[in-house]
Amino acid sequence: MNRETFHLIGYGALFVLALVLMIMVLGNLLGLAVMVGIGCGIGLLSESIYPSPFNNGRLSATAIGLTGALVGNAIFGKWGPSLAHVYFIPALIGALIVSAILRAKVRYDRLRRIEDLTASAGEEPLAMSMVEQYRLIRFVGAGGFAKVFQGVPDRTLRESDSVAVKVFSDGAMEQADFVARIDREVALCQKLEHPNIVRIYKSAQQNKLRYIIMEFIKGETLRSRLQKGRMDIPEAVNLLIELAEALAHAHSHGVIHRDVKPDNIILTAQGCKVMDFGLARQAGTSDLTQTGSAIGTPHYMPPEQILGEKQLDGRCDQYALGAMGFEILTGEKLFDGDEAIHVVIKHVQDEPRNPREIRPQISEALANCILKMISKDRDDRFPDMDAVVKELKTLKPEAIALARPIGT
Ligand SMILES: Nc1ncnc2c1ncn2[C@@H]1O[C@H](COP(=O)(O)OP(=O)(O)OP(=O)(O)O)[C@@H](O)[C@H]1O
Ligand SMILES: [Mg+2]
């Protein structure tokens, strides 16, 4: 039993006990109503002024307030105005004293918690600072142009209300048109509502910090999952279907991702979540002389994006999904090399291997589906993501049955 459930049961029992005692002592319902009004009212007021970090904060506040009112009524004597055996002033004093003690404890716990979080936050300069009403309690990771933090509402520090705050670097902000592009993409992404797409709440600026606030996802990135090895074939096909459905939803709202890659996918117990729609930097050929991290990974980039095609469409995401599918199924990158430039040249020039050469259990139809998605010429790919979803779904039963190895 965790601490929260323990508290919940404790406060629930206290509440019931207080009610039973009141009925026994007061013997009338009017008195009960007055007592509940005073005790619970003071309890809820104290909770709203200084909320506790627990989800059951309101229950504990009312239980404690009610107990205080009951005890106050019993021990502070019979004086002042009363109604149905309830003496207002003693009950009020009792509720106030007990609620104040609880608030002092909540405040003490909060300060202790901030100390602990600060100690574990490490050297990251922005950690523990405030962005709007959120305190950035943990540094989650950094990409090429931003740092991501876990933020919690400062009033409660409740982790169940966490958000992710992505703070863009000064370098990113120097790119021409960056802020306008982020705002435009965020406005588009806010229209996306899909179980496999990370929700974006807002994009804003505070002093010199430019950031977006989004749903916080607890899980493992597909990148770290793949470092442990390839997936089972049915698991891989299920994941590809979820990803294709998320991308199809975005495309139907006019949003192209442009940077589909394992770092932008988080796996959770409820399914995958795709993030960073449209936030990729514009990839021009001039960037490609730099190595890996400087331009982001080129392992999933379609030839037309590498060649600087300005009119990208949903088929660029289809190529990236195919390249990822290749890796999820085989455990090997579609094209690899020591330098980013070697990888991009292969995307443009080299014919891909058949995934069945690496893992013969992959069915011919599944391999053909992947190969079609990673066609060099986008006209040779599926016409849109809906077609990919449809194809993958028809393949599913076949993917589950083990296919015959090549040449048998
Ligand atoms: N909403 C979120 N919830 C939880 N973790 C997140 C969220 N958004 C990003 N992250 C994590 O933060 C880290 C940095 O993400 P970020 O998008 O800045 O970089 P990236 O995707 O690795 O690279 P790039 O800069 O090319 O996008 C990643 O490990 C990512 O998994
Ligand atoms: Mg990212």
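The preceding data block contains the structure.
Residues numbered from 1 in each chain as written. Chains lettered and ligands numbered in written order. Predicted model: local features only at pLDDT ≥ 70, side-chain atom pairs only at ≥ 80, totals over all residues.

## A look at the pairing of strand 6 (residues 163–168)
Piece 1. The element strand 6 is largely enclosed, with a buried count of five among its six residues.
Piece 2. Examined bridge by bridge, strand 5 (residues 146–153) and strand 6 share six bridges and lie antiparallel to one another. Considered in strand 6, the bridge of Phe149 is made with Val165.
Piece 3. Sheet analysis places strand 6 next to strand 8 (residues 209–215), joined by five bridges and oriented antiparallel. Residue Val165 lies in a different strand from strand 8, and its bridge partner there is Ile213. (Buried ≥ 20, exposed ≤ 12 C-beta atoms within 10 Å, placed from the backbone. Helix = DSSP H or I, 4+ residues; strand = E, 2+ residues; numbered from the N terminus. Pairing = 2+ DSSP bridges.)

## Brief notes about the environment of Ala323
Piece 1. Residue placement: Ala323 occurs in helix 11 (residues 315–330).
Piece 2. The exposure class assigned to Ala323 is buried, which follows from the 24 C-beta atoms found within 10 Å.
Piece 3. Separated by 230 residues in sequence, Ala323 and Ile93 place their C-alpha atoms 69 Å apart.
Piece 4. Those residues within four positions of Ala323 in sequence are excluded, and the remaining contacts are His299, Tyr300, Leu334 and Ile374. (Contact = placed C-beta atoms within 7 Å.)

## Some remarks on the packing of helix 8 (residues 233–252) against helix 11
Piece 1. Where helix 8 meets helix 11, the closest approach of the two axes is 10 Å, and the angle between their N-to-C directions is 165°. Relative to helix 11, the element helix 8 is oriented roughly antiparallel. Taken as a pair, helix 8 and helix 11 cross one another with a handedness that is right-handed. Contact residues: helix 8 offers Ile233, Ala236, Leu239, Leu240, Leu243, Ala244 and Leu247, while helix 11 offers Asp317, Leu321, Gly325, Ile328 and Leu329.
Piece 2. Of the residues in the contact of helix 8 with helix 11, the class split is ten nonpolar, one polar and one charged. (Axes fitted to C-alpha atoms, helices over the stretch in contact; angles between N-to-C directions. Parallel < 35°, antiparallel > 145°, perpendicular 65-115°, else oblique. Left-handed = near helix turned anticlockwise from the far one by under 90°. Nonpolar A, V, L, I, M, F, W, Y, C, P; charged D, E, K, R; others polar.)

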